[in-house]
Amino acid sequence: MKPAPFRYHRARDLEGATALLAELGDDAKVLAGGQSLVAMMNFRLARPAHLVDIAGLRELDRLGVGADGGLRIGALTTHHTVETAPAHTLGAGFDVIRDAMAWIGHLPIRTRGTVGGSIAHGDPTAEWCLLAVLLDAEFVARGPGGRRRFRADEFFFGYYTTALRPDEILEEIVFPRPAPHAALTEFAERRGDFALVSCAVDLDVDGGAVRGGRVAVGGVAPTPVRVPGAEAVLAGGGSFRDCAEAASLVAPAGDAADSARYRKHLVRTLVERACEEAMSR
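Residues numbered from 1 in each chain as written. Predicted model: local features only at pLDDT ≥ 70, side-chain atom pairs only at ≥ 80, totals over all residues. Heavy atoms only, no water.

Further remarks concern the pattern of salt bridges. Counting across every chain of the model gives 18 salt bridges. Ionic pairing is found between D136 and R214, a salt bridge with its closest N-O pair at 2.8 Å. Here D136, found in the loop between α8 (127–134) and β6 (138–143), pairs with R214, found in strand β13 (residues 209–218); they are 78 residues apart in sequence, far enough to count as distant. Taking the shortest distance from any N to any O, the salt bridge between R268 and E245 comes out at 2.9 Å. Residue R268 is found in helix α11 (residues 260–279), and its partner E245 is found in helix α10 (residues 240–247); the two are separated by 23 residues along the sequence. Relative accessible area serves as the criterion here: at 38%, E245 is assigned to the partly exposed category. A single salt-bridge network, built from bridges that share partners, covers R62, D68, R72 and E172. (Salt bridge = Lys/Arg side-chain N within 4 Å of Asp/Glu carboxyl O. Helix = DSSP H or I, 4+ residues; strand = E, 2+ residues; numbered from the N terminus. Buried < 20%, exposed > 50% of the residue type's maximum accessible area, 1.4 Å probe, protein only.)

Okay, the packing of α10 against α11 next. Between α10 and α11, whose axes approach to 8 Å, the crossing angle comes to 140°. As summarised for this structure, α10 and α11 are arranged oblique, according to the angle between their axes. Remark: the crossing between α10 and α11 carries right-handed chirality. The segment α10 lies against α11, with F240, R241, C243, A244, E245 and A247 engaging V267, R268, V271, E272, C275, E276 and M279. Among the residues making up the contact of α10 with α11, the classes are represented as eight nonpolar, no polar and five charged. (Axes fitted to C-alpha atoms, helices over the stretch in contact; angles between N-to-C directions. Parallel < 35°, antiparallel > 145°, perpendicular 65-115°, else oblique. Left-handed = near helix turned anticlockwise from the far one by under 90°. Contact = heavy atoms within 4.5 Å. Nonpolar A, V, L, I, M, F, W, Y, C, P; charged D, E, K, R; others polar.)

The next subject is the sheet that holds strand β1 (residues 7–10). Pairing is parallel in the open sheet, where three strands are placed in the order β1-β3-β2. The sheet is open, and its two borders are formed by β1 and β2 (28–31), each paired with just one other strand. Between one strand axis and the next, the sheet turns by 25° as a mean value, whatever way the strands run. Set on the sheet, helix α1 (residues 14–24) makes contact with β1, β2 and β3 (50–53); between it and β3 the angle comes to about 170°. (Pairing = 2+ DSSP bridges.)

Structural data, given as structure tokens:
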């Protein structure tokens, strides 16, 4: 299929882009890498009357560690840029973010798709959304009224729904601290397909022993979710298998393609695998 008719606008700067979005209202969509939006338009699942192309705003294409030790990623940074970033650019303790890029689609998608576009899209199985929830990422958005900041746990509202206003553009993503013992893994029917379930853990390791950690799961709810029950098992000295069993209790969403029971099995398997990978770093 082909998209419904729309008008195309190319933004020259961030201020002009937000002003244009404010003028056009709810009928406008931001086009960054287009790897999600264009596909939805082709299937007419999305029918914006206007597209505001921000791909030329090079000020949003940046990657590096700030003075506070956090990893700062401009919204137009591509997945492939993160995947191939040298160690001194990505910084120590952020290997999980580089490694997670291999799960995103295929190479052509990673070379065009952007970090900010993935987060603004709000897919509950998306790798960036899951990492953001796991690692307490912070988002900076720019609108006509200035900048707004969000924590990941207050940004995602539901399926493809976020706290961004129609006239706001995601500007920067900040991962505030390194995560040297973290890992993400997922399962899809074919490599590069959307994940049925994705799981990530961030272990607190001291002297070779696990003292606690964070566990997050995607694909079982309208947004990526933390699993306090599984985290309590880690804090209490339980095994990775016990942690995975506790994580599987999060209520999975079944659909025509796979049952809730199958997703529960996937969560159990993937959380244990992610724990083992994180511990081996």
